[in-house]
Amino acid sequence: MKPLFVCAALLLASLSASAQALWQGVPTGATPAEVVARLPEAVPAPAGLSDAAITGDVLLRIPAHALVDDEFEVLFGFGQEGLQNIVLRKHADSPAQARAIAQRLTTALRASYGLEASTKSRGAQPADAIDRLWAHRRLYVHLQVLDGSWVHLRYSPNLPATASRPL
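Scope of this entry: the structure provided in the associated data block. (Residues numbered from 1 in each chain as written. Predicted model: local features only at pLDDT ≥ 70, side-chain atom pairs only at ≥ 80, totals over all residues. Heavy atoms only, no water.)

1. Quick notes on the sheet that holds strand β3 (residues 43-44)
- An order of β3-β4-β5-β6-β10-β9-β8-β7 is seen for the 8 strands of this open sheet, with the pairing classed as antiparallel. Whereas interior strands pair on both sides, the edge strands pair on one side only; in this sheet they are β3 and β7 (118-119).
- Pairing of β7 with strand β8 (residues 130-136) involves 2 bridges; the strand directions are antiparallel. Bridge pairing in β8 places T119 opposite R132.
- With respect to the sheet, helix α3 (residues 95-113) is in contact with β4 (57-67), β5 (70-79), β6 (82-91), β8, β9 (139-146) and β10 (150-157), its orientation differing from that of β8 by roughly 15°. (Pairing = 2+ DSSP bridges. Helix = DSSP H or I, 4+ residues; strand = E, 2+ residues; numbered from the N terminus. Contact = heavy atoms within 4.5 Å. Axes fitted to C-alpha atoms, helices over the stretch in contact; angles between N-to-C directions.)

2. With respect to the pattern of salt bridges
- Using the criterion set out here, one finds 7 salt bridges in the structure.
- Here R104 ties to D70 by a salt bridge, and the two come within 2.4 Å at their closest N and O atoms. On the criterion of sequence distance, the pair formed by R104 in helix α3 and D70 in strand β5 is long-range, its members being 34 residues apart.
- The exposure class assigned to D70 is buried, which follows from its relative accessible area of 13%.
- One salt bridge connects R89 with E73, and the closest N-O pair in it is separated by 2.8 Å. With a gap of 16 residues between them, R89 in strand β6 and E73 in strand β5 connect regions that are remote in the sequence.
- Assessed through its relative accessible area of 14%, E73 is described here as buried. (Salt bridge = Lys/Arg side-chain N within 4 Å of Asp/Glu carboxyl O. Buried < 20%, exposed > 50% of the residue type's maximum accessible area, 1.4 Å probe, protein only.)

3. Here's the deal with the packing of aromatic side chains
- Scanning the model with the defined rule gives 1 aromatic pair in all.
- Here the aromatic rings of W23 and F76 are separated by 6.4 Å at their centres, their planes lie at 55°, and the arrangement is tilted. Taken together, the residues W23 in strand β1 (residues 21-23) and F76 in strand β5 connect sequence positions 53 residues apart. Take W23 and F76: they sit in the same class, and that class is buried. (Phe/Tyr/Trp six-rings, centres within 6.5 Å; stacked < 30°, edge-to-face > 60°.)

4. Some remarks on the side chain of H152
- Along the chain, the position of H152 falls in strand β10.
- On the basis of relative accessibility, which here comes to 6%, the residue H152 falls in the buried class.
- Of note is the side chain of H152, whose polar atom sits 3.2 Å from the side chain of D51.
- For H152, the residues in contact, after removing those within four places along its chain, are D51, A53, V87, L88, R89, H142, L143, Q144 and L146. (Polar contact = N/O pair within 3.5 Å; in protein donor to acceptor, adjacent residues only side chain to side chain.)

5. Notes on the pairing of β8
- Pairing between β8 and β9: 7 bridges, direction antiparallel. Paired with L133 across the strands is H142, a residue of β9.

Written out as structure tokens, the structure is:
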């Protein structure tokens, strides 16, 4: 009887772990109602709000979220299968401020996820460009400084390739 309970507990644990939390415990594939239930500060996004870093439609946003001593706007990208990605973005007053924010984020992300899987902050890119990627379990965390003044932090699922969705 005891092995049956152990097997049932392991099965329940594996089922609950299958939905990868993207950010703040919100799982990939969540509906807008599920996001709002977990994050009551999320409000409907204005029509037409978009960002090149978002996959899908921006249906919800958090106007201001405190992170590394700054306020970021949070955008939630939804597709046919629910929540696909989350982008935290901040417009800095200068390239130097954007780099400083990105450096504070890098320090915090390294503490949470370890060293980056990829860094493209050197080479042929402009001096103020930062492009870093962390791959952690079933999650990608992508930090970029774009156009010298936009800091983007994107959370998206790291799903295994399937026959219908190649690498």
